[in-house]
Amino acid sequence: MSFIFIEGLRVDAWVGIYARERVAVQVVEFDLNFGIPEAAAIHDDITDSIDYAEVINVIRAELAERHFNLIEALGEFVADLLCVRFSAPWVKVWVSKPGVLKGTRRVGAYIQRGEQNTIAAAMSG
């Protein structure tokens, strides 16, 4: 399997449980890693791949419309977008809030999807 990665994607998002987090957007940062079909490299054709510019545009548009209480839920939402809307067979999503707590560079979560499904499909096929 081949992979695409996007590092340091900064997006304005509505996320948090505190009153101050419900009245203003916050910058969240994503690092994304997602599988693409081998055909993309073989055929050198974007129709066999996942357009990372479209991924970024969709994430920005979707997060502008929603509020998440937990950063974990936000990460799960983006992982689902990659798996369902873009048909990524494997994803790893890191999402963090930079500088949200004193004395930390960032806090966040990561979500990984598809590894078990990919292994099971390979063994059964």
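For the structure, see preceding data.
Residues numbered from 1 in each chain as written. Predicted model: local features only at pLDDT ≥ 70, side-chain atom pairs only at ≥ 80, totals over all residues. Heavy atoms only, no water.

Enquirer: What is the right way to look at a nonpolar patch on the surface in this model?
Expert: On the surface, a nonpolar cluster with roughly 300 Å² of combined accessible area is contributed by I17, Y18 and L70. Position of I17 relative to the elements: it lies in the loop between strand 1 (2-15) and helix 1 (19-22). (Patch = residues over 30% accessible without salt bridge, like charges linked within 9 Å, V, L, I, M, F, W, Y side chains within 5 Å. Areas by Shrake-Rupley, 256 points an atom, 1.4 Å probe, with all protein chains shown as cover. Salt bridge = Lys/Arg side-chain N within 4 Å of Asp/Glu carboxyl O. Helix = DSSP H or I, 4+ residues; strand = E, 2+ residues; numbered from the N terminus.)

Enquirer: Explain the pairing of strand 2 (residues 26-36) here, please?
Expert: Within a regular strand, the side chains alternate between the two sheet faces. The element strand 2 is extensively covered by neighbouring structure, given that eight of its eleven residues are classed as buried. Across ten bridges, strand 1 lies against strand 2 in antiparallel orientation. Bridged to F3 within strand 2 is G35. As judged from the six bridges shared by strand 2 and strand 4 (residues 91-98), these two strands associate in the antiparallel manner. Across the sheet, residue F30 finds its bridge partner in strand 4, namely V95. (Buried < 20%, exposed > 50% of the residue type's maximum accessible area, 1.4 Å probe, protein only. Pairing = 2+ DSSP bridges.)

Enquirer: What's the story with the packing of aromatic side chains in this structure? I'm lost.
Expert: How two aromatic rings sit relative to each other is set out by the distance from centre to centre and by the angle between their planes. Under the defined criterion, the tally for this structure stands at three aromatic pairs. Relative to Y110, the ring of W94 lies with its centre 6.2 Å away and its plane at 35°, an arrangement referred to as tilted. Here W94, found in strand 4, pairs with Y110, found in strand 5 (residues 106-113); they are 16 residues apart in sequence, far enough to count as distant. Overall, W94 belongs to the partly exposed group, its relative accessible area being 32%. On the basis of relative accessible area, Y110 is assigned to the exposed category, the value being 52%. (Phe/Tyr/Trp six-rings, centres within 6.5 Å; stacked < 30°, edge-to-face > 60°.)

Enquirer: Please clarify how the pattern of salt bridges should be interpreted in this entry.
Expert: Side chains that carry opposite charge are capable of pairing whenever their charged atoms lie near each other. Under the defined criterion, the tally for this structure stands at six salt bridges. Here E29 and R10 are joined by a salt bridge, their closest N and O atoms 3.2 Å apart. Of the two residues, E29 is situated in strand 2 and R10 in strand 1; the sequence distance between them amounts to 19 residues. On the accessibility criterion, E29 (15% relative accessible area) is buried. For R113, the salt bridge identified is with D80, shortest N-O distance 2.3 Å. Linking R113 in strand 5 with D80 in helix 4 (residues 71-85), this pair joins segments that are 33 residues apart in sequence.

Enquirer: Before we go on, may I ask you to explain the packing of helix 3 (residues 52-64) against helix 4 in this structure?
Expert: A pair of packed helices is characterised by two quantities: the angle between their axes and the separation of those axes. One can describe the packing of helix 3 onto helix 4 by two numbers: an axis separation of 11 Å at closest approach and a directional angle of 135°. The angle between helix 3 and helix 4 places the two elements in the oblique class. When the axes of helix 3 and helix 4 are compared, the crossing they make is right-handed. Contacts between helix 3 and helix 4 pair V55, V58, I59, E62 and L63 from the former with L74, F77, V78, L81, L82 and R85 from the latter. Residue classes in the contact of helix 3 with helix 4 are distributed as nine nonpolar, no polar and two charged. (Axes fitted to C-alpha atoms, helices over the stretch in contact; angles between N-to-C directions. Parallel < 35°, antiparallel > 145°, perpendicular 65-115°, else oblique. Left-handed = near helix turned anticlockwise from the far one by under 90°. Contact = heavy atoms within 4.5 Å. Nonpolar A, V, L, I, M, F, W, Y, C, P; charged D, E, K, R; others polar.)

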